[in-house]
Amino acid sequence: ARAPALLRVCANRPLAGGARHLVLERVDAAPFEVAPRGGQFAIFDTGARQADGRALRRCYSFLSPEVDGAPLELAVCDVGAGSRALGASEIGRV
């Protein structure tokens, strides 16, 4: 299995209803093996931890435009600890 790509937050803006718009880029600046397209999804480590210490992971759909080399964009709605932690990500967080 390949290692997951490390992503850096390069923008975090508010949306309606308390949601956040995150723009992410690869830390290594390499292109994605498959260009992210709107409607596709990935599982993200939100930065929060479960009671047993395991990473709290959540699935998010991409909002990214269908342009090769475009950063990864997603909307994060606050529905619990994982989405709250990801939505609170500061610019520069990996």
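Keep in mind that what you see is a predicted model, and the values were worked out from it rather than measured.

1. Examining the overall build of the protein chain
Looking only at helices and strands, the protein chain features 1 helix and 5 strands. Traced from its N-terminal end to its C-terminal end, the protein chain shows the element sequence β-β-β-β-β-α. By the compact-globule yardstick of 12 Å for 94 residues, the protein chain fits well, its C-alpha radius of gyration being 13 Å. Expressed as a percentage of its 94 residues, the buried residues of the protein chain come to 33%. Excluding contacts between residues fewer than 6 apart, the proportion of contacts in the protein chain whose partners are at least 24 apart in sequence is 45%. Put simply, the protein chain shows about 6,000 Å² of open surface, and 55% of that area lies on carbon and sulfur atoms.

2. Some words on the pairing of strand 4 (residues 55–61)
Sheet topology places strand 3 (residues 41–49) next to strand 4; 6 bridges connect them, and they run antiparallel. By the bridge assignment, Ala42 is partnered in strand 4 with Tyr60. Connecting the antiparallel pair strand 3 and strand 4 is a turn made up of 5 residues, with Gly53 showing a positive phi of about 95 degrees.

3. Quick look at the pairing of strand 1 (residues 7–14)
Bridge analysis of strand 1 against strand 2 (residues 20–26) gives 7 bridges, and the strand direction is antiparallel. The residue bridging Arg8 from the neighbouring strand is Glu25, located in strand 2. In sequence, strand 1 turns back onto strand 2 through a hairpin of 5 residues, with Gly17 there showing a positive phi of about 70 degrees.

4. Describing the nonpolar core
Ranked by size, the top nonpolar core spans 11 residues in total: Leu7, Val9, Leu22, Leu24, Phe44, Tyr60, Phe62, Leu72, Leu74, Val76 and Leu86. When contributions to this core are tallied by element, the ones reaching two or more residues are strand 1, strand 2 and strand 5 (72–76). The dominant element in this core, judged by the number of residues it contributes, is strand 5, at 3 residues. Excluding residues within four positions of it along the chain, Val9 makes contact with Val23, Leu24, Ser89, Glu90, Ile91, Gly92 and Arg93.

5. Some remarks on the confidence of the model for the protein chain
Overall, the prediction assigns the protein chain a mean pLDDT of 89, with 99% of residues at 70 or greater. At the level of individual helices and strands, the protein chain shows its lowest average pLDDT in strand 3, which scores 91, and its highest in strand 1, which scores 96.

6. Concerning the pattern of salt bridges
If you walk through the whole model with that rule in mind, you get 5 salt bridges. The salt bridge partner of Arg8 is Glu25, with a shortest N-O separation of 3.4 Å. In this pair, Arg8 is assigned in strand 1 and Glu25 in strand 2, connecting sequence segments 17 residues apart. Taking relative accessible area as the criterion, Arg8 reaches 26% and is therefore assigned partly exposed.

Parameters at a glance
- Residues numbered from 1 in each chain as written.
- Predicted model: local features only at pLDDT ≥ 70, side-chain atom pairs only at ≥ 80, totals over all residues.
- Heavy atoms only, no water.
- Helix = DSSP H or I, 4+ residues; strand = E, 2+ residues; numbered from the N terminus.
- Rg over C-alpha atoms; globule rule 2.2 N^0.38 Å.
- Buried < 20%, exposed > 50% of the residue type's maximum accessible area, 1.4 Å probe, protein only.
- Contact = heavy atoms within 4.5 Å.
- Areas by Shrake-Rupley, 256 points an atom, 1.4 Å probe, with all protein chains shown as cover.
- Pairing = 2+ DSSP bridges.
- Core = buried A, V, L, I, M, F, W, Y, C linked by side-chain atoms within 4.5 Å.
- pLDDT = per-residue confidence, 0-100.
- Salt bridge = Lys/Arg side-chain N within 4 Å of Asp/Glu carboxyl O.

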